[in-house]
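Here's the letter readout for the chains.
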Amino acid sequence: MDFRPTEEQKMIQQMARDFAAKELKPRAPEIDTTAKYPLPVLKAMADLGMMGMNIPAEYGGSQAGVVSYSLAMTEIAKACASTAVTMSVTNMMAEVLHTFGSEEICSAHIPKICGGEYSCGAFALTESTAGSDPASMKSTAKREGDHYVLNGSKTFITSAEYAGVFVLWAKTDKDAGAKGISAFVVGKGHPGFIVGRHEEKMGQRGSPVNEILMENCCLPRSNLLSQEGDGFKIAMMALDGGRIGIGSMAVGIGLAAIEYATAYAQNRIQFGQPISSFQAIQWMIADSFTELEAARLLVLRAAFLKEKGERFTREASMGKLFASEIANRVCYKALQMLGGYGYMKDYPLERYSRDCRVTTIYEGTSEIQRLVIAREILGSNYVS
Ligand SMILES: Cc1cc2nc3c(=O)[nH]c(=O)nc-3n(C[C@H](O)[C@H](O)[C@H](O)COP(=O)(O)OP(=O)(O)OC[C@H]3O[C@@H](n4cnc5c(N)ncnc54)[C@H](O)[C@@H]3O)c2cc1C
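Basis of the calculations
Residues numbered from 1 in each chain as written. Predicted model: local features only at pLDDT ≥ 70, side-chain atom pairs only at ≥ 80, totals over all residues. Helix = DSSP H or I, 4+ residues; strand = E, 2+ residues; numbered from the N terminus. Rg over C-alpha atoms; globule rule 2.2 N^0.38 Å. Buried ≥ 20, exposed ≤ 12 C-beta atoms within 10 Å, placed from the backbone. Contact = placed C-beta atoms within 7 Å. Near = placed C-beta within 6 Å. Domains from an automatic or database assignment. Arc of directions from axis to C-beta. Nonpolar A, V, L, I, M, F, W, Y, C, P; charged D, E, K, R; others polar. Core = buried A, V, L, I, M, F, W, Y, C linked by C-beta atoms within 7 Å. Axes fitted to C-alpha atoms, helices over the stretch in contact; angles between N-to-C directions. Parallel < 35°, antiparallel > 145°, perpendicular 65-115°, else oblique. Left-handed = near helix turned anticlockwise from the far one by under 90°. Expected span 1.5 Å × (residues − 1). Pairing = 2+ DSSP bridges.

### Observations concerning the overall build of the chain
Logical step 1: Broken down by element type, the chain carries eleven helices and ten strands.
Logical step 2: Its C-alpha atoms give the chain a radius of gyration of 21 Å, near enough to 21 Å, the size a compact globule of 384 residues would have.
Logical step 3: Taken over the C-alpha atoms alone, the chain extends approximately 80 × 50 × 40 Å along its principal axes.
Logical step 4: Scored against the burial criterion, the 384 residues of the chain give a buried share of 53%.
Logical step 5: Sequence-distant contacts in the chain: of pairs separated by 6 or more residues, those separated by 24 or more amount to 74%.

Below, the structure written as structure tokens:
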């Protein structure tokens, strides 16, 4: 067992760290305040290979691997969580197309995702009455000759405003439950595919989230991913990989918070000495760094297994659950270390806390991760 990253992984981590320090960290407060994202930044990230990190070079990907992706994601999230979630969904999207799309779909869309021509991709699964339980979705795709006609709506779709391409789920058989769901690819601006209401969010405000409406949206049969009825399986497999991205992001936000608070504690004088000399503060620092390191290792293990082509569902859920809950706890403590200043907008701790909150909610809530982990353990001869 070797816990050290390879030279190539270190190089990619450093590249992401340098980019984040130069291009993201200085912009993050304004992105949060204005809730407007500077799209050329996404193009620059694509040029550095960060929008298709697990995609082969033949489709324009950087084929850096899942461990490098996790390391890079943590660096991006340390500087700007809005950018990190955009990168996470885009990489997930590219992989869905690569794994389940026909050659025609792959060559039409993946190079434009990896190269930044599409800015980013979007993943449209959730509906207003189908969140944790996507099998209960109501959107339909009715086959008519060589086409499908889609009707329904989607809720909370990240990057819908900016994305050039979407993966979209709908029921091709209303009576078949999860087995009646199919997945489709659809390009921005397709007739009948409408990006609707923009949601006002608590955090990650540079990452827009919108409703999507499908009104007699007519898609050629060739836009179907894999086979009819494979949609639920595709979504679950994509979310397994997506959870590595969200876990890595949570670690990054937590690290940003505790590193800031630790530096602050060394300079803030109360009772004639830096507050870092008080044991209560030292324990917050020690616990936070320890827990984040544990979270990082758990997420990296899932990334390692995925990279090796082994099963990683349980590990990805464990990593996402632990990293997101720990990062929220770390943000709480880090804000506490700044006292009243932590609560003020002049300091980044309140932003980190808001940005971190959603990591226990999207791509499966913490409760759903626990269901997945328990199911994986109870359904197999689990050996620790
Ligand atoms: C900022 C943001 C961005 C998002 N981006 C996307 C996106 O790009 N694409 C997309 O498809 N979706 C997206 N989502 C949707 C997200 O995945 C869902 O919000 C999430 O899966 C939870 O669904 P819900 O909000 O409907 O909550 P519900 O499913 O209604 O859950 C409410 C509560 O009940 C709990 N609960 C539900 N079922 C169970 C159970 N069986 N056992 C125990 N507890 C349970 C949940 O854990 C939660 O605490 C996004 C959400 C947010 C907030």
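### Focus on the site of the ligand
Logical step 1: Within the structure, the ligand sits among 21 residues, and Gly131, Ser132, Thr158, Thr365 and Glu367 are positioned closest to it.
Logical step 2: Here the shell around the ligand spans two domains, and each of domain 2 (122-229) and domain 3 (232-378) adds at least three residues to it.

### Side note on the environment of Ile113
Logical step 1: On the secondary structure map, Ile113 appears in helix H6 (residues 103-114).
Logical step 2: Judged by the 29 C-beta atoms lying within 10 Å of it, Ile113 is buried.
Logical step 3: When the C-alpha positions of Ile113 and Ala46 are compared, they lie 8.0 Å apart, and in sequence the two are 67 residues distant.
Logical step 4: The contacts of Ile113, once residues within four sequence positions are left out, are Met51, Gly52, Thr90, Met93, Ala94, Tyr118, Gly121 and Val165.

### Some remarks on helix H3 (residues 40-47)
Logical step 1: Along H3, the residues classified as buried are Val41, Leu42, Met45 and Ala46. The buried residues of H3 occupy an angular sector of 145 degrees when projected down its axis, which confines them to one face. Opposite the buried face of H3, at more than 90 degrees from it, the exposed residues are Pro40 and Asp47.

### Digging into the environment of Cys80
Logical step 1: Inspection of the secondary structure puts Cys80 in the loop between helix H4 (66-79) and helix H5 (81-100).
Logical step 2: The sequence separation of Cys80 and Glu291 amounts to 211 residues, and the corresponding C-alpha distance is 21 Å.
Logical step 3: If we ignore the near neighbours within four places in the chain, the residues touching Cys80 are Leu24, Arg27, Ala28 and Ile31.

### Re the domain arrangement of the chain
Put simply, an interface is often sized by how much accessible area is lost when its parts join up.
Logical step 1: Under the domain assignment used here, the chain contains domain 1 (7-119), domain 2 (122-229) and domain 3 (232-378).
Logical step 2: Computed over C-alpha atoms only, the centres of domain 2 and domain 3 are separated by 30 Å.
Logical step 3: Taken together, the contact pairs 13 residues of domain 2 with nine residues of domain 3.
Logical step 4: Residue composition of the side of domain 2 that touches domain 3, by class: nine nonpolar, four polar and no charged.

### Some thoughts on the nonpolar core
Logical step 1: Counting 123 residues, the largest nonpolar core has Ile76, Phe184, Ile253 and Ala257 as its most contacted members.
Logical step 2: With 19 residues, the top contributor of residues to this core is helix H7 (residues 231-267).
Logical step 3: Those residues in contact with Ile76 that lie beyond four places of it in its chain are Ala16, Ala20, Leu24, Thr83, Ala84, Met87 and Gly252.

### Focus: the packing of H7 against helix H8 (residues 279-307)
Logical step 1: At a minimum axis separation of 9 Å, H7 and H8 run at an interaxial angle of 160 degrees. Comparing the axis directions of H7 and H8 gives the class roughly antiparallel. Considering the relative orientation of H7 and H8, their crossing is left-handed. Between H7 and H8, the contacting residues are Gly241, Ile244, Gly247, Ser248, Val251, Gly254, Leu255, Ile258, Thr262 and Ala265 on the first element and Ile281, Ile285, Ser288, Phe289, Leu292, Ala295, Arg296, Val299, Ala302, Ala303 and Lys306 on the second.

### Details of H6
Logical step 1: Given a rise of 1.5 Å per residue, twelve residues ought to cover 16 Å, and the 16 Å separating the end C-alpha atoms of H6 matches this to within 8%.
Logical step 2: By the burial criterion, the buried members of H6 are Cys106, His109, Ile110, Lys112, Ile113 and Cys114.
Logical step 3: Buried residues along H6 sit against H3, H5, strand E1 (121-124), strand E4 (165-171) and strand E5 (181-187).

### Points about the pairing of E5
Logical step 1: Most of E5 is tucked away, with six of its seven residues classed as buried.
Logical step 2: As defined by bridge partners, E4 adjoins E5 across seven bridges and the pair is classed as antiparallel. Bridged to Lys171 within E5 is Ile181.
Logical step 3: In terms of strand pairing, E5 meets strand E8 (residues 224-225) through two bridges, oriented antiparallel. Its bridge partner being in E8, Ala183 is matched across the sheet by Leu225.

### Some thoughts on the packing of helix H1 (residues 7-24) against H4
Logical step 1: Viewed as axis vectors pointing N to C, H1 and H4 meet at an angle of 20 degrees, and their least axial separation amounts to 8 Å. Between H1 and H4, the interaxial angle falls into the category roughly parallel. In this structure, H1 crosses over H4, and the sense of that crossing is right-handed. Of the residues in H4, those touching H1 at Gln9, Ile12, Gln13, Ala16, Arg17, Ala20, Ala21 and Leu24 are Val67, Ser68, Leu71, Ala72, Glu75, Ile76, Lys78 and Ala79.
Logical step 2: Broken down by class, the residue content of the contact of H1 with H4 amounts to ten nonpolar, three polar and three charged.

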